[in-house]
Amino acid sequence: MLSYLIRRLLLMVVTLFGVSVAIFLLLRIVPGNIADILFDSAGLIDPAEKQKIVADLGLDLPLPLQYWQWLNGLLHGDLGFSYVSEKPVIDEILPRIPITARLAALAMIFAVCAGVPLGVISAVRQNTKLDYALRVLSLSGLSMPSFWLGLLILMACVRWFGTIPIYDRAPETFWAWLAMLAIPAASVGFRSSALIMRLTRSSMLEVLRQDFVRTAKSKGLSDTAVTYDHALRNAVLPVITTIGVETAFLFGGLIVTETVFNIPGVARFLVEAIRWRDYPMVQNLVMFIAVVVVSVNLIVDLLYMLVDPRIRYSE
Amino acid sequence: MSTTTATGPVTHGLMSTVWYNARRYPLGVAGAIIMIVFVLSAIFATWVAPLDPFSTNAKASLAAPGGTYLMGADMMGRDVFSRLIHGARVSLAVAIGATMIGSGVGAAVGLACGYIGGWFDLLVQRVTEVFQALPLLVMALVITASLGPSLRNTIIAIAIPLIPIVSRVIRSNVLSLREMPYVEAAKATGMSEWRVAIIHVLPNTLAPLIVLATAQLGSTILTEASLSFLGLGVPEPYPSWGRMLSESAAEYVRTAPWLVIYPGLAISLVVFGSNLLGDALRDALDPRQRD
Amino acid sequence: MAPVLEVSGLTTVFHTRRGLVQAVQDVSFSVEAGETLAIVGESGCGKTITALSLMRLIPQPPGEIVSGSVKLDGTDLLRLSEPEMRKMRGGKIAMIFQEPMTALNPLMTIGKQITEMVMLHDGLPKAAARTRAVEMLYHVRIPEPERRAKEYPHQMSGGMRQRAMIAMALACKPKVLVADEPTTALDVTIQAQILDLIGDLQREFGTAVVLITHDLGVVAETAQRVVVMYAGRKVEEASVEDLFANPLHPYPRGLLGSIPRVGSARGLDVSPDERLREISGMVPALNDLPPGCAFAPRCTQADDKCRSQIPPFELKQPNHFAACWQA
């Protein structure tokens, strides 16, 4: 168990190191020097000024050294400065994290609460009209772009309430906060719930075919007890892994959803940073996303071990 | 009751096999029809579209659906319906281009990993983990940021994150195929490794590859739409469905809903069709993944 | 003594895409308290479907019990409502399955799986039910039952799991135990132990056992009476001694010829010319049975009558029944 954890943590470090190299190189092969862009956009003409920008940004240094400076800073919590705002990157990123984190958590809660029960119902009622309806629903959830769903919801708001919910940095009550985030969370979580539903259904169908379910029935347990006490726990196991993978996917949905609903979170900020070619920002944001994804996967695997005795007791 | 389980169709030829499966998977047929309509309108866009998708008309700015403009007109007075028909080309190009590159390279990498093994396999696996540490859209965003926006770069940006997804599946497929008795038997008869690979292993990875590639079609279309929606995908003047929905759509929600509804409907319908088709292909070709 | 379990005319079919499959046709038998009745036959002959039909555990659809009765102490199980039947399952009639590896819930401790059932049928509070579970584990000779009750199935060997399975099945002292190939998945050495265990507990609790098996060695060691099934029908029924000494139907004759030293454990005589041989041909598909005797295509003595008319199941010798035109 402990050795497994150590192995996992080491692999995590290797992966993150790989991400840092990949993102660093990707951003250096950009056509056009960043200094050129800044130089042009600032409307400067003096070549000496340009030299100064290049030197300020450390762009005249050899690539390995530039990389080392970044990595070294990263390890010491110094993420450098934004090209655009010229503020420390960390001060720009940190306040945006809780906004996205809350939205993501809400979306995931929605996805699990809707996806798992509907998947179970769909499996238990296999090949009924209800099952077909739920399957079409989940397939359409996987087919709709989440930003379009968001726009449709906005459209419905206009039609029914005559207004669009506006993001408020400091809502007064918890309920106001929930009401504000519920719509974006549902529109980004719909895809995840559709995926979870599909997986729960197929996993449940597979479990219901297994011998121990028949044993449980032979003991005289009711269908409800067989489905929920025996089958569901087994069926949920593979779904847990999916929830981990889906959390990573969720970030993609968050990028567009935050854009549609005008939410100043960290996901939308990545797009803005890319548009402004604010590469120190992009670089660090991507690292941040990678850390989150890798950690979530680790947590999910550990959770899996807690739930499944077969893994818990195997040394 | 092993005697009663279906053992699959008795094949009398391609047409009867197709017919047999078509009756078994009606939803798959629906998906195939959607995809065929989509592909045909992309290919024959110039003939199908009633108006020129590029010609602007100040008088028709934000014209409501009806009359000349079946699905209304955009800000610049361009016909939405014609732009949607032409937009199918972009979606199709990206879907096919990215899926082919991603699956092709992915399959090659997966085969190589399964066959060469050792340090090469380890290295590729580590690289795969790096890819998996980033969501697909983030990867695609960063790659387009680095390559610059163009149709070709959008295809590349979407294809690259597909490679590890495909290579992982093919790799595990190859590893399990290599243990199969008939492959062992082929080796025992003195067939060379490469001959075994080409004659026995490669054809058997084809079914999962087709299933996987079809399943990815929808996700590539969605990724392209997202990229273009964010303004980092296929640039003007190509009419891309995603870009037709781009940010300014938030204000059209109030003033011109048709600019929001139709492009989104087009994306959803095509992705829905490809998902239906993908599910049916999975059930028909790869019973192990059946649910 | 009146039989505990009386099955008559049991017919179970499956509605499949390839038509109606008659899995069990007109099967009748009865078992007394403390008695063991073996149902033998090749895989696919309908013996497992018969067992599941007794428990009413046939997946429905596609399966359906179309006629017959299964009387347990005079109550016809096939006429009960589903909630009434649930009280019977596990309480009055219990079943153990072939695969101890997969028949137990991997995510639930052995103790919990037994406790759950005791609470349900005997209405015991949790603590008392738990004590009963540990007692049962002790009864099936699992060492350290207290500790083992807290373990999960994967922590036990196949033999131990099958013991736990038996403990569970007998926890509510059922009148009838249906054992579907209880030893097939186990090592030979463990097989004998498990069979002895079932026998001992049967004597202790007075349980009637319906033993489903393809293994005539197992039959010889445990059963008093045997029903031989072929293609969904009974072809012979007799005491173990009579069947082994004088099989009337060519199918069991062939079966007895195909295993070495049958019955030696109980001193049953096997004539020296019964050399090891196999029955040629294949079991017919149940949806495509020949018009006459289902065994006719494989039978060396079959004539035109065999091939055209189904032989009736009738008394041929005292207490010895068979369905064969030639016997």
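Residues numbered from 1 in each chain as written. Chains lettered and ligands numbered in written order. Predicted model: local features only at pLDDT ≥ 70, side-chain atom pairs only at ≥ 80, totals over all residues.

### Topic: the overall build of chain B
When helices and strands are counted, chain B shows 12 helices and zero strands. Reading the secondary structure of chain B in the N-to-C direction produces α-α-α-α-α-α-α-α-α-α-α-α. Judged by the C-alpha coordinates and their principal axes, chain B covers about 75 × 45 × 30 Å. Per-residue burial over chain B gives 47% buried out of 291 residues. A separation of at least 24 residues holds for 69% of the contacts in chain B among residues at least 6 apart in sequence. (Helix = DSSP H or I, 4+ residues; strand = E, 2+ residues; numbered from the N terminus. Buried ≥ 20, exposed ≤ 12 C-beta atoms within 10 Å, placed from the backbone. Contact = placed C-beta atoms within 7 Å.)

### What to know about the environment of His320(C)
Residue and element names in this part refer to chain C. Take histidine 320: it is sitting in strand β12 (residues 320-322). Sequence separation of histidine 320 and asparagine 246 is 74 residues, and the distance between their C-alpha atoms is 9.7 Å. Those residues in contact with histidine 320 that sit more than four places away from it in its chain are Ala238, Asp242 and Leu248.

### Comments concerning the sheet that holds strand β5 (residues 75-76) of chain C
All names here are of chain C. Spatially, four strands are ordered β2-β1-β4-β5 in an open sheet, and the strand pairing comes out antiparallel. Across the chains shown, the open sheet's two edge strands, defined by having one partner strand only, are β2 (19-31) and β5. Relative to β2, strand β1 (residues 5-16) runs antiparallel, the two sharing nine bridges. From the neighbouring strand, glutamate 6 faces β2, where its bridge partner is serine 30. (Pairing = 2+ DSSP bridges.)

### Let's talk about the domain arrangement of chain A
Residue and element names in this part refer to chain A. With domains assigned, chain A is organised as domain 1 (23-78) and domain 2 (99-312). Just the C-alpha atoms count here: the centres of domain 1 and domain 2 sit 39 Å apart. Listed by partner, the interface residues are seven residues for domain 1 and six residues for domain 2. Residue assignment for the side of domain 1 that touches domain 2 shows that the elements contributing at least two residues are α1 (2-28), α2 (34-41) and α4 (63-75). A breakdown of the residues in the side of domain 1 that touches domain 2 according to their chemical character gives seven nonpolar, no polar and no charged. (Domains from an automatic or database assignment. Nonpolar A, V, L, I, M, F, W, Y, C, P; charged D, E, K, R; others polar.)

### Examining α1(A)
The end-to-end C-alpha separation of α1(A) is 39 Å, in line with the 39 Å expected for 27 residues at 1.5 Å each. Those residues of α1(A) lying buried are Thr15(A), Val19(A), Ser20(A) and Ile23(A). Packed against the buried residues of α1(A) are α4 and α13 (279-307) of chain A together with α5 (118-132) and α6 (136-147) of chain B. (Expected span 1.5 Å × (residues − 1).)

### A look at the interface of chain A and chain B
By a frequent convention, interface size equals the accessible area lost on bringing the separate parts together. Counting residues at the interface gives 43 residues for chain A, matched by 39 residues for chain B. For the side of chain A that touches chain B, the secondary structure elements donating two or more residues are α1, α7 (129-143), α8 (146-161), α9 (174-208), α11 (223-260), α12 (266-275) and α13 of chain A. A breakdown of the residues in the side of chain A that touches chain B according to their chemical character gives 35 nonpolar, seven polar and one charged.

### Section: unusual backbone geometry
Residues and elements named next belong to chain C. Not every positive phi belongs to a glycine, and arginine 56 is a case in point at roughly 55°. As for its placement among the helices and strands, arginine 56 is situated in the loop between α1 (47-55) and β4 (63-72). Under the C-beta neighbour-count criterion, arginine 56 is labelled buried, with 20 such atoms within 10 Å. Here the phi dihedral of alanine 231 falls at roughly 50°; this positive angle occurs in a residue that is not glycine.

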